[in-house]
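# Coordinate inspection notes
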Amino acid sequence: MFVDANGDEANYSSFWKRERSVVESASQTKKSDEKRAEVSVQATEAVNVEVQTSDLLAVDLKLPETVPASLEKFLSYAEPLVSKELQNNVNSHAFDGYDVSWVDELRSVTCLHTLQNTALDEQLQCTGLAWNCVGSVIAIVYGRYDHQDWCTHQGALCTWNVDRQKLDHNKPDFTLETPMCVTSVAFHPTEPNIVAGGYFNGEVVVWNLGADNSEYLVSTSEENSHREPVTQVQWIKDPKSRIIAKYELVSVSGDGKILRWHVAHNRQTLKLLNGYVLLGKNAPAALKLKETENDREVGVSAVSFSLFEPSVFCLGSENGGIFSCSLDRTGLPLADFNLSCELLRLVTSSVEPHQGTVSSVKICPLSGKLLLSCSFDGTARIYSINQDELPLFAVDPGLGFLYSAVWSLSKPLTFALTTGDGHLLIYDLSANQAAPVHKFSASPSSRPVHHVTFNPAQLNLLATGDQLGVVQIWQLSDAVTRSDVKAAQLLESFSSTSRNQEV
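## Let's talk about the overall build of the protein chain
Counting secondary structure elements, the protein chain contains two helices and 29 strands. Residues classed as buried in the protein chain amount to 46% of the 503 residues present.

What follows is the structure, given as structure tokens:
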């Protein structure tokens, strides 16, 4: 029988596997010299800062008294070769009519921006437009033209930087409230933060938009001011400056005076250098003024200085007259004008007048020999300065008053007009002398468009401002901004002719 039984354990050792032994041990790395410390950090604050280069100091440049022999030897060898090639280029017609395009061609005119300060009184009008010298900021001044008595409004100076990515079309980047209506504005030709303006009471002011307090830089004294609203201010190059350009300020007004100012940045007043006055006796016979009006002042409505001859300029007047003038004109001074300086006569010649107030005059920036004008009589004209009384070209768009006219800064004989029914007209005489090549509504409410101005840096940009304070920025097509051989030849023809080519 089988029964349960407990036997002893039996172990069998492996004949191929060795026994393993386990030994306990410990190890430690060498002590490190590294030091540890806990620190806390805080994100820095970002601050935007605008900087402006300082004015260049006048440097008296002189040629060396002796010319090195090596330079003389080089020039005697190189000059004939260079002159020969330059002359060959002048006589060559290989690239006539060829225009290199480095960017995509713009074939249409588009409105890029519509700017309006909605925080201002709706009754304020756009009374002036100006681009700064780098073409990024546009200044707009506000006031009214229809005062019946003293000005009781508060005006404003507003600026927009159109190069900003996040541009608020209803809120300017900068706003400066003024004690009364501002009637004119002009940026400094080389300093983008300096802007001049004129008030309804005849005062001329200069602001530094880069200052923290945004206060006046300088202003005219009560003694030396116009007695009527300032109709225009313009910066001009000091005729005496040579290497480093220095600028003066000119203001014109309905009181018939043309005043020259020196802007001293370290003073609180403008220094009156000299002045001129436009009298009834200067008016052309076609205006048929009475003899009693000969010694009365004639209100100046517009002024334009030549870029080629700094002392030459033209005036437009409230009675329709257009005058060629010179700062170099001498003669007996005129007294009894209650200013710290005597006033001089300045008219050298006049042309056939308009039948209404001259709203704009502009000397051509590409030739200096042609004058563009427009008037409340509804016509625009081109005159040859100091050559002929009759206009070389005249056009009547038939759209009411013409408020503003301006030459293109890039294409000859191309100009823009604004009308009383709210239109912007672009004329290119090399393409069509009978009608504008472009016609657009430049006022959303079809109100008069008071001002138009080209951008001095981005030459295909144009700004318009209407009676309700709405400003539009336009981008023009290449066809009306790029010069070509035909336009250049037509400009030369206009500049040298004296025939009447009225349309």
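## Quick look at the pairing of strand β8 (residues 204–208)
Counting buried residues in β8 gives four out of five residues, a clear majority hidden from the surface. Judged from the five bridges that link them, strand β7 (residues 194–199) and β8 form a sheet pairing that is antiparallel. Bridge assignment links alanine 196 to a residue of β8, and that residue is valine 206. Taking the residues between adjacent antiparallel strands as the criterion, β7 and β8 are bridged by four residues, where glycine 202 takes a positive phi near 95°.

## A word on the packing of aromatic side chains
Considering all chains together, one arrives at eight aromatic pairs under this definition. Here the aromatic rings of phenylalanine 376 and phenylalanine 401 are separated by 5.0 Å at their centres, their planes lie at 20°, and the arrangement is stacked. With phenylalanine 376 in the loop between β20 (370–375) and β21 (380–384) and phenylalanine 401 in the loop between β22 (393–395) and β23 (402–407), this pair connects stretches of sequence that are 25 residues apart. Consider the rings of phenylalanine 440 and tryptophan 474, whose centres lie 5.5 Å apart with planes at 35°: the pair is tilted. Pair noted here: phenylalanine 440 is in strand β26 (residues 438–441) and tryptophan 474 is in strand β29 (residues 471–475), with a separation of 34 residues, a long-range link. For tryptophan 474, a relative accessible area of 5% gives the class buried. Feature note: the residues Phe376, Phe401 and Tyr403 constitute an aromatic cluster, connected by ring pairs.

## Observations concerning the nonpolar core
By size, the foremost hydrophobic cluster in this structure holds 22 residues, and its most contacted members are Leu370, Phe415 and Leu417. Secondary structure elements with two or more residues in this core: β20, β21, β22, β23, β24 (414–419), β25 (423–428) and α2 (485–496). Contact partners of phenylalanine 415, with chain neighbours within four places excluded, come to Leu372, Ile382, Phe393, Val406, Trp407, Ser408, Leu425, Ile426, Tyr427 and Leu429.

## Things to note about helix α1 (residues 69–91)
For α1, with 23 residues, the first-to-last C-alpha span of 34 Å sits near the 33 Å given by 1.5 Å per residue. Largest kink in α1: about 35°, centred on alanine 78, with the proline proline 80 one to four residues after it.

## Re the environment of serine 373
Positionally, serine 373 belongs in strand β20. Through-space distance from the C-alpha of serine 373 to that of glycine 316 is 8.2 Å; in sequence the pair is 57 residues apart. At a separation of 2.9 Å, a polar atom in the side chain of serine 373 contacts the side chain of histidine 354.

## A word on the sheet that holds β24
If you trace the four strands from one edge of the open sheet to the other, you get β23-β24-β25-β26, paired in antiparallel fashion. Whereas interior strands pair on both sides, the edge strands pair on one side only; in this sheet they are β23 and β26. For this sheet the average axis-to-axis angle between neighbouring strands, irrespective of direction, equals 15°. One ladder, built from five bridges, connects β23 with β24; its direction is antiparallel. If you follow tryptophan 407 over to β24, its bridge partner there is phenylalanine 415.

## Focus on the side chain of threonine 418
Of note, threonine 418 is situated in strand β24. Exposure remark for threonine 418: the relative accessible area of 0% places this residue in the buried category. Not counting the four nearest positions on each side in its chain, threonine 418 is found in contact with Phe401, Leu402, Tyr403, Ser404, His423, Leu424, Val449, His450, His451, Val452 and Thr464.

## Comments concerning the pairing of strand β14 (residues 300–305)
Taking burial as the measure, the six residues of β14 include six buried ones, the bulk of the element. The sheet contact formed by β14 and strand β15 (residues 312–317) spans five bridges and is antiparallel. Residue pairing in the sheet places valine 303 in a bridge with leucine 315 of β15. Following β14, the chain reverses through six residues before pairing antiparallel with β15.

## What about the pattern of salt bridges?
Under the defined criterion, the tally for this structure stands at eight salt bridges. With a shortest N-O distance of 3.6 Å, aspartate 255 and lysine 257 are connected by a salt bridge. What makes aspartate 255 buried here is its relative accessible area of 6%. Residue classification places lysine 257 among the buried positions, given a relative accessible area of 6%. For arginine 482, the salt bridge identified is with aspartate 478, shortest N-O distance 3.5 Å. What makes arginine 482 partly exposed here is its relative accessible area of 24%.

Definitions and cut-offs
- Residues numbered from 1 in each chain as written.
- Predicted model: local features only at pLDDT ≥ 70, side-chain atom pairs only at ≥ 80, totals over all residues.
- Heavy atoms only, no water.
- Helix = DSSP H or I, 4+ residues; strand = E, 2+ residues; numbered from the N terminus.
- Buried < 20%, exposed > 50% of the residue type's maximum accessible area, 1.4 Å probe, protein only.
- Pairing = 2+ DSSP bridges.
- Phe/Tyr/Trp six-rings, centres within 6.5 Å; stacked < 30°, edge-to-face > 60°.
- Core = buried A, V, L, I, M, F, W, Y, C linked by side-chain atoms within 4.5 Å.
- Contact = heavy atoms within 4.5 Å.
- Expected span 1.5 Å × (residues − 1).
- Bend = angle between axes of the 7 residues up to and from the residue.
- Polar contact = N/O pair within 3.5 Å; in protein donor to acceptor, adjacent residues only side chain to side chain.
- Axes fitted to C-alpha atoms, helices over the stretch in contact; angles between N-to-C directions.
- Salt bridge = Lys/Arg side-chain N within 4 Å of Asp/Glu carboxyl O.

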